[in-house]
Amino acid sequence: MSLTATTHIHAIGIGRTGAAHIEALIRTGEIEDLLAAPGASFAALLIDIGDDDIMVPDDYARSLKSRLRSRGIPAERFHYESVALTVPEASALLELSKGAALPKAGEHIPRAIAKATFGLNNKGVDSTVGGLLQRFANHVKTGEGPSVVLLAFGLAGGTGSGMAIDLARDLAGRLPPGAKLVGVGQLSHSGDGDYFNSASQYQAIDAVDSVLKTADNPFSGGFFVISSEQSWQRLSAYTSTGL
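Residues numbered from 1 in each chain as written. Predicted model: local features only at pLDDT ≥ 70, side-chain atom pairs only at ≥ 80, totals over all residues. Heavy atoms only, no water.

A.B. asks: Quick rundown of unusual backbone geometry? Include the residues and the values.
C.D. replies: Of note in this structure, Asn 197 is not a glycine but carries a positive phi near 50 degrees. Position of Asn 197 among the secondary structure elements: in the loop between strand E5 (180-186) and helix H7 (199-212). Classification of Asn 197 by relative accessible area gives partly exposed; the value is 39%. (Helix = DSSP H or I, 4+ residues; strand = E, 2+ residues; numbered from the N terminus. Buried < 20%, exposed > 50% of the residue type's maximum accessible area, 1.4 Å probe, protein only.)

See below:
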């Protein structure tokens, strides 16, 4: 599939890093300009454990809806939802070692617990995540022309890397024929503290590499690993020197 001006871009973000990607997409005017075209559509979905990183993207989504109304762009062209999942009770998590403490929302979520949390909330279209994914896919189908869905998450954190592959496998079966699912995995940077080049990051990379080699690889549009180190170095230079 060739990417042309008629290709519709949609996005799903998982965890803090995914939230930053969704925020960056909808806070500026590019998306609303794209939605001004007849037959256009844009769907965005944000999934996290806890709502600390969801509130700002939610605000930008509400602002985008207002801007669409002010320009006379049909509201139904834009679909946005977010969900803040909660950590399940210990009794529901078979992966939890006996006596281990459960993390609270806002704390680091281990990959295994994030994966289990996703699974417990994705049991058919009537479940929390199942309904979100189905409504997202339904909106993708409304666009006139080919679609690309970006799935963005951090490789070093637990929430995104724990959920992403299972989500991709589920979503791939819901998308319309010809729609391409593209993975966007962000590496840690030197300002990430214990997350920087952590063992969890390498485990996530290995898991992605393994799924890309399978016959039922859900990332039909490929998978991009992106580095944020240069951006971090530039940001820290600006903030430390004032230039």
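A.B. asks: Quick rundown of the packing of helix H6 (residues 159-172) against H7? Include the residues and the values.
C.D. replies: In contact at an axis separation of 10 Å, H6 and H7 are set at 15 degrees when each is read in the N-to-C sense. Regarding the angle of H6 to H7, the classification is roughly parallel. As for how H6 packs across H7, the hand of that crossing is right-handed. Contacts between H6 and H7 involve Ser 161, Ile 165 and Arg 169 from the former and Ala 204, Ala 207, Val 208 and Val 211 from the latter. When the residues that make up the contact of H6 with H7 are grouped by side-chain class, the tally is five nonpolar, one polar and one charged. (Axes fitted to C-alpha atoms, helices over the stretch in contact; angles between N-to-C directions. Parallel < 35°, antiparallel > 145°, perpendicular 65-115°, else oblique. Left-handed = near helix turned anticlockwise from the far one by under 90°. Contact = heavy atoms within 4.5 Å. Nonpolar A, V, L, I, M, F, W, Y, C, P; charged D, E, K, R; others polar.)

A.B. asks: Tell me about the pairing of strand E6 (residues 223-226), and please be specific about residues and values.
C.D. replies: Remark: a regular strand shows side chains that alternate across the two faces of the sheet. Pairing of E5 with E6, which is carried by four bridges, proceeds in the parallel orientation. Bridge pairing in E6 places Gly 185 opposite Val 225. Assessed by its sense of winding, the connection that carries the chain from E5 through H7 to E6 is right-handed. (Pairing = 2+ DSSP bridges. Right-handed = clockwise from strand over helix to strand, strands pointing away.)

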